[in-house]
Amino acid sequence: MELPRDSTPAPAYISDSECGERLTFRQDEEKALSIPLKYLLALIPSKTAGAYTLIFQTGPEGGLTSSTITSPPAEVVERCGIPVDVPAHLLKPVSVIISPYSGLGKAELYFSTLLAPVLEFYSVDYRKNTVTSPADIKTITDGLPEGTSTVIVISGDTLIFELLNELPSTKRPTLVLIPTGTGNGLASSLYRPPSPDDLMRSALHIFLHGMSYPLPGFIVKLSPGARLLGKAIPSQGLRGTVVTSWGFHASLVADANAPELRSTGTEKFQVAAKQNLTPPLHAYRGTISIVRPGGTVWEEIEDTNDEGHFYLVVTGVSNFEPAFTISPTANGADGVLRIIYFGVGDVEGAEGVMEVMKAAYDGGKHVSMPGVRYQAVDGVRVRMKEAEEKWRRICVDGVVVTLEKDGWLEINKHEGWADVVCKSRYDG
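What you see is a predicted model; the values in this text were computed from it and never measured. (Residues numbered from 1 in each chain as written. Predicted model: local features only at pLDDT ≥ 70, side-chain atom pairs only at ≥ 80, totals over all residues. Heavy atoms only, no water.)

Now for the side chain of T315. Assignment of secondary structure puts T315 in strand β18 (residues 309–315). At a separation of 2.6 Å, a polar atom in the side chain of T315 contacts the main-chain carbonyl oxygen of V242. With near-sequence residues (within four places) excluded, T315 lies in contact with V242, F320, I326, S327, V336, L337, R338 and I340. (Helix = DSSP H or I, 4+ residues; strand = E, 2+ residues; numbered from the N terminus. Polar contact = N/O pair within 3.5 Å; in protein donor to acceptor, adjacent residues only side chain to side chain. Contact = heavy atoms within 4.5 Å.)

The next subject is the confidence of the model for the chain. With 92% of its residues at a pLDDT of 70 or more, the chain shows a mean pLDDT of 91. Low pLDDT (under 50) marks residues 5–13, which in the prediction has 27 contacts with non-local residues, meaning those over four places away or in another chain. (pLDDT = per-residue confidence, 0-100.)

Moving on, we come to the sheet that holds strand β4 (residues 40–45). The antiparallel open sheet is built from three strands, whose spatial order is β4-β5-β6. Only two strands of the sheet have a single neighbouring strand rather than two, namely β4 and β6 (64–70). Averaged over neighbouring strand pairs, the angle between their axes works out to 25 degrees when direction is ignored. The sheet contact formed by β4 and strand β5 (residues 51–57) spans five bridges and is antiparallel. By the bridge assignment for β5, P45 is matched with Y52. Of the strands in this sheet, β4, β5 and β6 are in contact with helix α2 (residues 107–121), which crosses β4 at around 35 degrees. (Pairing = 2+ DSSP bridges. Axes fitted to C-alpha atoms, helices over the stretch in contact; angles between N-to-C directions.)

A few words on the environment of F121. Of note, F121 is situated in helix α2. On a C-alpha basis, the gap between F121 and I97 in space is 19 Å, while along the polypeptide they are 24 residues apart. Setting aside chain neighbours within four positions, we find F121 in contact with I44, P45, I82, P83 and V84.

Scanning the entire structure with this criterion turns up eleven aromatic pairs. Their ring planes at 80 degrees and their centres at 5.7 Å tell us that W246 and Y284 sit as a pair that is edge-to-face. Placement of the pair is W246 in strand β15 (residues 243–247) and Y284 in the loop between α8 (267–276) and β16 (286–291), with a sequence separation of 38 residues. Residue W246 shares its accessibility class with Y284, and that shared class is buried. Between the aromatic rings of F324 and Y361, the centroid separation amounts to 4.7 Å while the plane-to-plane angle is 70 degrees, which identifies the pairing as edge-to-face. Note that F324 is positioned in strand β20 (residues 324–325) and Y361 in helix α9 (residues 349–361), a separation of 37 residues in sequence. Classification of F324 as buried rests on a relative accessible area of 7%. Judged by relative accessible area, which is 43%, Y361 ranks as partly exposed. Members of the aromatic cluster, each reached through a chain of ring pairs, are W246, F248, Y284, F310, Y311, F342 and W391. (Phe/Tyr/Trp six-rings, centres within 6.5 Å; stacked < 30°, edge-to-face > 60°. Buried < 20%, exposed > 50% of the residue type's maximum accessible area, 1.4 Å probe, protein only.)

Turning our attention to the domain arrangement of the chain. Domain assignment breaks the chain into domain 1 (13–80), domain 2 (88–212) and domain 3 (219–418). Centre-to-centre separation of domain 1 and domain 2, based on C-alpha positions: 26 Å. Of the residues lining the interface, 15 residues belong to domain 1; the matching set on domain 2 comes to twelve residues. Both faces combined, the contact of domain 1 with domain 2 buries some 1100 Å², and carbon together with sulfur accounts for 66% of it. At the boundary of domain 1 with domain 2, the tally comes to zero salt bridges. For the interface between domain 1 and domain 2, the tally reads two residue pairs in polar contact (both at pLDDT 80 or more). Elements supplying a minimum of two residues to the side of domain 1 that touches domain 2: β4, β5 and β6. (Domains from an automatic or database assignment. Buried area = accessible area lost by both parts, 1.4 Å probe. Salt bridge = Lys/Arg side-chain N within 4 Å of Asp/Glu carboxyl O.)

This part takes up the packing of helix α7 (residues 248–256) against α8. Interhelical geometry of α7 versus α8 gives an angle of 125 degrees and a closest axis separation of 8 Å. In terms of orientation, α7 lies oblique with respect to α8. Crossing of α7 over α8 shows right-handed handedness. Every residue of α8 that contacts α7 at F248, S251, L252, V253, D255 and A256 is listed here: K268, F269, A272, A273, Q275 and N276. For the contact of α7 with α8, a count of residues per class yields seven nonpolar, three polar and two charged. (Parallel < 35°, antiparallel > 145°, perpendicular 65-115°, else oblique. Left-handed = near helix turned anticlockwise from the far one by under 90°. Nonpolar A, V, L, I, M, F, W, Y, C, P; charged D, E, K, R; others polar.)

A few words on the nonpolar core. The biggest cluster of nonpolar side chains holds 115 residues, and the ones touching the most others in it are I152, L175, F207, L222, F310 and V380. Per element, the largest residue contribution to this core is eight residues, and it comes from α2. The contact partners of F207, leaving out residues within four places of it in the chain, are P87, H89, L90, L115, V118, L119, I152 and V176. By size, the runner-up hydrophobic cluster in this structure holds 13 residues, among which are F25, L37, L43 and C80. (Core = buried A, V, L, I, M, F, W, Y, C linked by side-chain atoms within 4.5 Å.)

What follows covers α8. Residues K268, A272, A273 and N276 constitute the buried set of α8. All buried residues of α8 fall inside an arc of 135 degrees around its axis, so they share one side. Along α8, the residues that are exposed and aim more than 90 degrees away from the buried face are E267, Q270 and K274. In this structure, the buried residues of α8 make contact with α7 and β18. (Arc of directions from axis to C-beta.)

Let us now look at the pairing of strand β8 (residues 126–130). Pairing analysis gives five bridges linking strand β7 (residues 94–98) to β8, with the strands arranged parallel. Directly across from I97, in β8, lies its bridge partner N129. Chirality of the crossover, the property in question, places the unit of β7, α2 and β8 among those that are right-handed. (Right-handed = clockwise from strand over helix to strand, strands pointing away.)

And the structure:
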């Protein structure tokens, strides 16, 4: 992405302006600001006639700033002017939850520079919550109003997982996603941005123009010895919306969460992938069974030539990252679970695994590759036959669960526990 030629912060004023691929205007008599149009996010009217606050990205790493601008071109007003009418979901009680450490740590910046000015324009009375420890989530959910309310989540997928798993049955919030995590699978799947760089712009568009729909999910039941962050898991299991995995994907997520990799953004997954693709590939041992949609019979998925399992993902979303399409026929809101599976005997070593992954980055073409199993399911069971603990790790929406020896898990779809703002009323 091309950087703005100048990112001098507000205040500023305009003396002339022109549009093409960039918006150029003067901040004072000697300094001009030139911004690529693709970096513009929001144009908020101010109390001064003809004056606006322009909010825009400053580069590909998630930087954000604002500038005062007067008499902007009509194209800019149409492109990023916020609606005069208050979005329906902001007429409910509103809470904002910020995860300051998610992704590259930009959540607080996006709140103060983008979200807070929009909420102020609409005169929204809201409650701000910042998550600094796992214990904060329960305090936040206890403080949500009974029944319906709106919760704006500035984070990645894991905070949504934590929120849903602490949510009392008497409360059903409408979630608004402002994605600042590393992968942002749920937002990427619901918003389907035209390019990875457009995810935040798509999220803001949905926030301003979207409508509320049920957010489906799944329940993961686990054997009694399963542990999450060293703690036992409740008997009712875990609630999820994005992914449950075992094998390569789960090991990759677990290793990428090592303290020395957490601050490296998506690069941490590349490092963890290399660690898990060192020849020979590990043959994951266990039994995998599925129930087809509408069925009741459990069918075992056998590994090719008894060479071991390698990759099992169960998901209701289309993307794990804006550019990584894991399940191309999904959309995140249709309530259909699908598996993506292949065993050690289905690929030619580490190079074969990487070919599958590259195809996923090419619009999800991996699901048509020989050896890759892709189908809708109502349920999935896995029973571990691994002696070493590191091969008994599973991933549920970004958190890592460790099963005991001979432990098991069962995944079943669920109608969900919350609603989500995910479609624009202007998109049909």
